[in-house]
Amino acid sequence: MTRNHLDVTPAPNGETPNRQTLEWHEGDMPYSQEFGDHFYCREDGRLECGHVFLAGNGLPERWCRPGTFRIGELGFGTGLNFCETWRQWKETRVEGANLHFVSFERFPMHAPDIGRALSRWPQIEAERLALCAQWPDQPEGRIDLNFAGGLRLTVVCGTAFEGISSFSDDFDAWYLDGFAPKRNPDMWSQELMRLAYEKTADGGTFATYAAAGFVRRNLQGAGFTVERTPGFGSKREMLCGVKSTSGVAE
């Protein structure tokens, strides 16, 4: 195991800096010291993305129609979910369709680290290079990037609750991909799940690798109809669901 640490420079006003301290495991797998967790599944993060986030949200089938389909993501991380989604979008896009991928990320990574983390998957090499070429040197605030084929990426830097609260549009699908619930419970709180529900279009969906009881209860309490389905690899279960028409559960 090799390690490489990102230096964290304290903010001049004493606030928490917007960069994490990384270790690199197995050459190119980033590990967050702050949250004590890897950024993606150690079995195969790209395949997990397809199983959990795309298939769990009924994609790519649901975006095969004219108009804009909007995905919200909790935790941009390395950009793996974005790149795999982009790859599948390019293969399945229909005429007149547009995809807006919006991610909420408190600690945005820098382009060299994104490039290193995604280099293990030749299947998304083109997407990796294009993302890193446009990624700002100092990622902060709101990042808006436009790509060919009707694709737009927005990354809102800061806390998820503040970012989602200030976002004006509703979402057709959610990728709930924060660090493990026991290591980052704020990303799975009932308040945040309720806010996500409120910002979900009628008939909108969510999917997550997490299957912890309190996560399921918070999603149900927010108003989602929640289903347990088989997880990826060694994970027995995952959660997916849809925005209920009956309103928030009591």
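Definitions and limits used
- Residues numbered from 1 in each chain as written.
- Predicted model: local features only at pLDDT ≥ 70, side-chain atom pairs only at ≥ 80, totals over all residues.
- Heavy atoms only, no water.
- Helix = DSSP H or I, 4+ residues; strand = E, 2+ residues; numbered from the N terminus.
- Buried < 20%, exposed > 50% of the residue type's maximum accessible area, 1.4 Å probe, protein only.
- Areas by Shrake-Rupley, 256 points an atom, 1.4 Å probe, with all protein chains shown as cover.
- pLDDT = per-residue confidence, 0-100.
- Contact = heavy atoms within 4.5 Å.
- Pairing = 2+ DSSP bridges.
- Axes fitted to C-alpha atoms, helices over the stretch in contact; angles between N-to-C directions.
- Right-handed = clockwise from strand over helix to strand, strands pointing away.
- Salt bridge = Lys/Arg side-chain N within 4 Å of Asp/Glu carboxyl O.
- Core = buried A, V, L, I, M, F, W, Y, C linked by side-chain atoms within 4.5 Å.
- Parallel < 35°, antiparallel > 145°, perpendicular 65-115°, else oblique.
- Nonpolar A, V, L, I, M, F, W, Y, C, P; charged D, E, K, R; others polar.
- Phe/Tyr/Trp six-rings, centres within 6.5 Å; stacked < 30°, edge-to-face > 60°.

A. View of the overall build of the chain. A count of helices and strands for the chain gives seven helices and eleven strands. Looking at the 250 residues of the chain, the share that counts as buried comes to 56%. Accessible area of the chain: about 11200 Å², with a carbon and sulfur share of 47%.

B. Representation of the confidence of the model for the chain in the model. Per-residue confidence for the chain averages 85 on the pLDDT scale, and 80% of its residues sit at or above 70. Across residues 1-17, where pLDDT falls below 50, the model places 31 contacts with residues more than four positions away in sequence or in other chains.

C. Broad picture of the sheet that holds strand β5 (residues 97-105). An order of β6-β7-β5-β4-β8-β9-β11-β10 is seen for the eight strands of this open sheet, with the pairing classed as mixed. On the outer flanks of this sheet lie β6 (142-147) and β10 (224-230), each paired with one strand and no other. Neighbour-to-neighbour, the strand axes of this sheet turn through a mean angle of 15 degrees, independent of strand direction. Judged from the seven bridges that link them, β5 and strand β7 (residues 151-157) form a sheet pairing that is parallel. Along β7, the bridge assignment pairs L99 with L151. Most of the contacts of helix α1 (residues 45-56) go to strand β9 (residues 200-208), to which it runs at about 165 degrees, and overall it touches β8 (171-176), β9, β10 and β11 (237-243).

D. Region of the structure containing the pairing of strand β4 (residues 67-74). Of all eight residues that make up β4, six are buried, and the element is covered over most of its length. As judged from the eight bridges shared by β4 and β5, these two strands associate in the parallel manner. Residue pairing for β5: L74 is matched across the bridge by F104. In the classification by handedness, the crossover that spans β4, the intervening helix α2 (residues 80-92) and the parallel β5 is right-handed.

E. Inspection of the environment of G150 at higher detail. In this fold, G150 is placed in the loop between β6 and β7. The class of G150 is partly exposed, set by a relative accessible area of 25%. Sequence separation of G150 and N98 is 52 residues, and the distance between their C-alpha atoms is 4.6 Å.

F. Spotlight on helix α7 (residues 213-222). Within the sequence span of α7, burial applies to V215, R216, N218, L219, G221 and A222. Of the surrounding elements, those touching the buried residues of α7 are β8, α6 (190-198), β9, β10 and β11. G223 sits one or two positions beyond α7 and adopts a positive phi of about 125 degrees.

G. Local environment of unusual backbone geometry. Here the residue pair L59 and P60 is connected by a cis peptide bond, since its omega of 15 degrees sits within 30 degrees of zero. Topologically, P60 is positioned in the loop between α1 and β4.

H. Highlighting the pattern of salt bridges. Inspection of every chain in the model, using the stated rule, returns eleven salt bridges. Here R87 ties to E84 by a salt bridge, and the two come within 2.7 Å at their closest N and O atoms. On the criterion of helical spacing, the pair formed by R87 and E84 is a turn pair, its members being three residues apart in helix α2. When its relative accessible area of 18% is taken as the criterion, R87 is described as buried. The buried category is assigned to E84, whose relative accessible area is 2%. A salt bridge links R142 to D144; the nearest nitrogen and oxygen atoms lie 3.0 Å apart. Looking at R142, the relative accessible area reads 46%, which means it is partly exposed.

I. Quick look at the nonpolar core. Counting residues in hydrophobic clusters, the biggest one holds 65 residues, and the most contacted among them are L74, F82, F104, W135 and L153. Ignoring any residue separated from it by four or fewer positions in sequence, one finds L153 in contact with F76, F82, F101, L131, W135, I143, D144, L145 and F147.

J. Up close: the packing of helix α3 (residues 111-118) against helix α4 (residues 125-134). Where α3 contacts α4, the axes come no closer than 9 Å and their chain directions differ by 175 degrees. One element, α3, and the other, α4, form an angle in the roughly antiparallel class. The residues of α4 that touch α3, namely those facing A111, I114, G115 and L118, are R128, L131 and C132. Taken together, the residues that form the contact of α3 with α4 break down as five nonpolar, one polar and one charged.

K. Local environment of the packing of aromatic side chains. According to the stated counting rule, one finds 17 aromatic pairs in the structure shown. When the centroid spacing of 5.3 Å and the interplanar angle of 70 degrees are considered together, the rings of F82 and F101 count as edge-to-face. Of this pair, F82 sits in helix α2 while F101 is found in strand β5, placing the two residues 19 residues apart along the sequence. Note on W188 and Y209: the rings are 6.0 Å apart at their centroids and 90 degrees apart in plane angle, and the pair reads as edge-to-face.

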